[in-house]
Amino acid sequence: MHLTDNDFQLFGLPERQAQARADIDARWKALQAEVHPDRFAAEGTAAQRVAMQWALRVNEAHQRLRDPLRRAAYLCELRGAPVRAEDNTQMPAAFLMQQMEWREALDDARDEAALEALDGEAQAAEAAALARAEALLDQQGDAAAAATQVRALMFIQRFRADIDRRLGALQDS
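Worth saying up front: this structure is predicted, and the values here are computed from it rather than measured. (Residues numbered from 1 in each chain as written. Predicted model: local features only at pLDDT ≥ 70, side-chain atom pairs only at ≥ 80, totals over all residues. Heavy atoms only, no water.)

1. Overview of the nonpolar core
- Counting 41 residues, the largest nonpolar core has L10, F11, C76, L137, V150, F159 and I163 as its most contacted members.
- Looking at this core, the elements that each hand over two or more residues are helix 1 (7–11), helix 2 (21–35), helix 3 (45–66), helix 4 (68–78), helix 5 (93–108), helix 6 (112–138) and helix 7 (143–172).
- Ranked by residue count, the leading element in this core is helix 7, at 10 residues.
- Once residues lying within four places of it in the same chain are set aside, the contact partners of V150 are L69, A72, A73, C76 and V83. (Core = buried A, V, L, I, M, F, W, Y, C linked by side-chain atoms within 4.5 Å. Buried < 20%, exposed > 50% of the residue type's maximum accessible area, 1.4 Å probe, protein only. Helix = DSSP H or I, 4+ residues; strand = E, 2+ residues; numbered from the N terminus. Contact = heavy atoms within 4.5 Å.)

Written as structure tokens, this is what we have:
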């Protein structure tokens, strides 16, 4: 085990999108127990500092691996197709049209039922995009196409967050 291992190597997991959350969490707990700084108290402050670095590294890896979107983005990067969401917003025209329709529907939504229906539609699209990303990464080995799906997922998650804010505003009023 090395600090420079990728997250999958660190956790002893196969490099694939399909992962059981319970396996990730169990491995995280085991690693945390191994590297906890308190275990190295008798070895002095230098050993505790190293253990702290390990604990931070394990926690960062856990955060990436347990979130399917972050895990997919990480796999794309490992496979030479970084998502680059900050400077690559190119998406298929059909997806952009869907986004525009959803935004209009969000602007027109006046009650909780309309917002929840819109969220249900977005949630279904999110699940489908995640399944496509998993197939592209695990079966087809197409990280570049998976990166496009990850960018789509980021759009969808932002849209769902906007719906949640609107729902919260309705419930507060």
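2. With respect to helix 5
- Look at helix 5: 23 Å from first C-alpha to last across 16 residues, which is about the 22 Å you get at 1.5 Å a residue.
- F95, Q99, W102 and L106 are the residues of helix 5 that are buried. One side of helix 5 carries all its buried residues, which in axial view fall inside an arc of 65°. Projecting away from the buried face of helix 5 at angles above 90 degrees are the exposed residues A93, A94, D107 and D108.
- Looking at the buried residues of helix 5, the elements they touch are helix 6 and helix 7. (Expected span 1.5 Å × (residues − 1). Arc of directions from axis to C-beta.)

3. Description of a negative patch on the surface
- Where like charges cluster on the molecular surface, the negative patch consists of E101, E104, D107, D108 and E121.
- When residues in the negative patch are grouped by element, the largest group, four residues, is from helix 5.
- Within the element layout of this structure, E121 appears in helix 6. (Patch = residues over 30% accessible without salt bridge, like charges linked within 9 Å, V, L, I, M, F, W, Y side chains within 5 Å. Areas by Shrake-Rupley, 256 points an atom, 1.4 Å probe, with all protein chains shown as cover. Salt bridge = Lys/Arg side-chain N within 4 Å of Asp/Glu carboxyl O. Lys, Arg positive; Asp, Glu negative; His and termini not counted. Charge placed at Lys NZ, Arg CZ, Asp CG, Glu CD.)

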